[in-house]
There are 2 protein chains.
Amino acid sequence: MNKYIPDIYNLIQELSWRFGSRGLDGECCGDLSLVEYMALKIAWESEELSIQEIGSALNFTKSGASRIIDRLENKGYAVRKRSPVDGRVCCVVLTAKGTETVTKIMKRNTAYVEEMLKDLKPEVVKNVKSALEILVNSVRRQGFI
Amino acid sequence: MNKYIPDIYNLIQELSWRFGSRGLDGECCGDLSLVEYMALKIAWESEELSIQEIGSALNFTKSGASRIIDRLENKGYAVRKRSPVDGRVCCVVLTAKGTETVTKIMKRNTAYVEEMLKDLKPEVVKNVKSALEILVNSVRRQGFI
DNA sequence: ATAATATAGTTGATGTCGTCAACTAAGTTT
DNA sequence: AAACTTAGTTGACGACATCAACTATATTAT
């Protein structure tokens, strides 16, 4: 095993904690939990996602996903729309408030990252980005577990 | 703003999700949640941590921290020991089962990372490690929020 | 065509979890 | 030694995700 792997694991775990539900977004913007924000974010990124697609993207059961969309709907961030193609499917669509909020949170978090990295030279920042791309691509390939 | 910052934020957020409570460790090794594992891990790393220290390291209230230690104790992974120096303080100490389990989970997760990165050249792996160090140091400096 | 089956989503019951506020117990200060 | 501070615990509560059973729509087989 490459000698850096254990360090890499520990670093990822700590970073993840800081950006996880106990970190940045535990109760971030008003009334959105991290889970709700993530659901909103992926629905925003790829419009017309079904409830189950959101569930499997975030690793929730379809029942859990349905509850998440309930909350987003009750709080006015998204609405369910029946698919015209398949009447069983619900498409999750962001409201204006939803779009506004998701972009606001992303801006806030991006600003946090900017502040984090403000003293680094541009080429270092670029290296950080490349490293993260490598990690995210690898982890996507490998999937959950 | 450096043009890579928004990408970096998105990449961190995705990586964090994958290693967060809905990813790797949601219900990982038997009966430990990610929160419990993290508490066990930091108690193991710096032996003789008080309940509140664990709470503030993980961003829980002292009450929440106390419940986490309750669960670890009930499941046999740790015990409370009164501090000999200050009778109010409880030191969290791992049992043999606790130490065994935390190292087992770390090994498992390290193996996962190894598998993730198995096709990369050693110098790339080193770069990934450096990038993560930069990120973790920055985020430590900045603290929660 | 129609009956059987499969799939998407919802919902009541349930258990887990973290917080708040009030509390106990142990130190510290005056 | 009285007043205050600090560490930790606990009952009540609300938020949340899951399971299993359910409805409704779509697909397949006969």
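As a reminder, the structure under discussion sits directly above these lines.
Cut-offs and rules
Residues numbered from 1 in each chain as written. Chains lettered and ligands numbered in written order. Predicted model: local features only at pLDDT ≥ 70, side-chain atom pairs only at ≥ 80, totals over all residues. Heavy atoms only, no water. Helix = DSSP H or I, 4+ residues; strand = E, 2+ residues; numbered from the N terminus. Buried < 20%, exposed > 50% of the residue type's maximum accessible area, 1.4 Å probe, protein only. Phe/Tyr/Trp six-rings, centres within 6.5 Å; stacked < 30°, edge-to-face > 60°. Lys NZ or Arg CZ within 6 Å of the ring centre and 35° of its normal. Pairing = 2+ DSSP bridges. Contact = heavy atoms within 4.5 Å. Axes fitted to C-alpha atoms, helices over the stretch in contact; angles between N-to-C directions. Expected span 1.5 Å × (residues − 1). Polar contact = N/O pair within 3.5 Å; in protein donor to acceptor, adjacent residues only side chain to side chain.

**So, the overall build of chain A**
Thought 1: On a plain count of helices and strands, chain A comes out with six helices and three strands.
Thought 2: Reading chain A from its N end, one meets helices and strands in the order α-α-β-α-α-β-β-α-α.
Thought 3: Principal-axis analysis of the C-alpha atoms places the extent of chain A at approximately 55 × 35 × 25 Å.
Thought 4: Classification of the 145 residues of chain A by burial places 48% in the buried group.

**Looking at the packing of aromatic side chains**
Thought 1: Going through the model one piece at a time under the given rule, you end up with two aromatic pairs over all chains.
Thought 2: Ring centres of Phe19 of chain A and Tyr112 of chain A lie 6.0 Å apart, and the angle between their planes is 80°; on these two criteria the pair is classed as edge-to-face. Of the two residues, Phe19 of chain A is situated in the loop between α1 (5-18) and α2 (34-45) and Tyr112 of chain A in helix α5 (residues 96-116); the sequence distance between them amounts to 93 residues. Comparing Phe19 of chain A with Tyr112 of chain A, the two get one shared label, buried.
Thought 3: Note that Arg22 of chain A overlies the ring of Phe60 of chain B, its terminal NZ or CZ placed 3.8 Å from the centroid.

**Quick word on the sheet that holds strand β1 (residues 49-50) of chain B**
All names here are of chain B.
Thought 1: As summarised here, the arrangement of the three strands in space is β1-β3-β2, forming an open sheet in which the pairing is antiparallel. Each end of this open sheet is capped by a strand with a single partner; those strands are β1 and β2 (78-82).
Thought 2: In the sheet, β1 pairs with strand β3 (residues 90-94) via two bridges, with the strands oriented antiparallel. Note on β3: the bridge partner recorded for Ser50 is Cys91.
Thought 3: Sitting on the sheet, helix α4 (residues 62-74) is in contact with β2 and β3, with an inclination near 120° to β2.

**Side note on α2 of chain A**
Thought 1: If you check α2 of chain A, its first and last C-alpha atoms are 16 Å apart, about what twelve residues at 1.5 Å a residue would give, namely 16 Å.
Thought 2: Along α2 of chain A, the residues that are buried comprise Leu34, Glu36, Tyr37, Met38, Ala39, Leu40, Lys41, Ile42 and Ala43 of chain A.

**Some remarks on the side chain of Gln13 of chain A**
Thought 1: Considering the arrangement of structural elements, one finds Gln13 of chain A in helix α1.
Thought 2: There is a polar contact of 3.5 Å between the side chain of Gln13 of chain A and the backbone oxygen of Phe19 of chain B.

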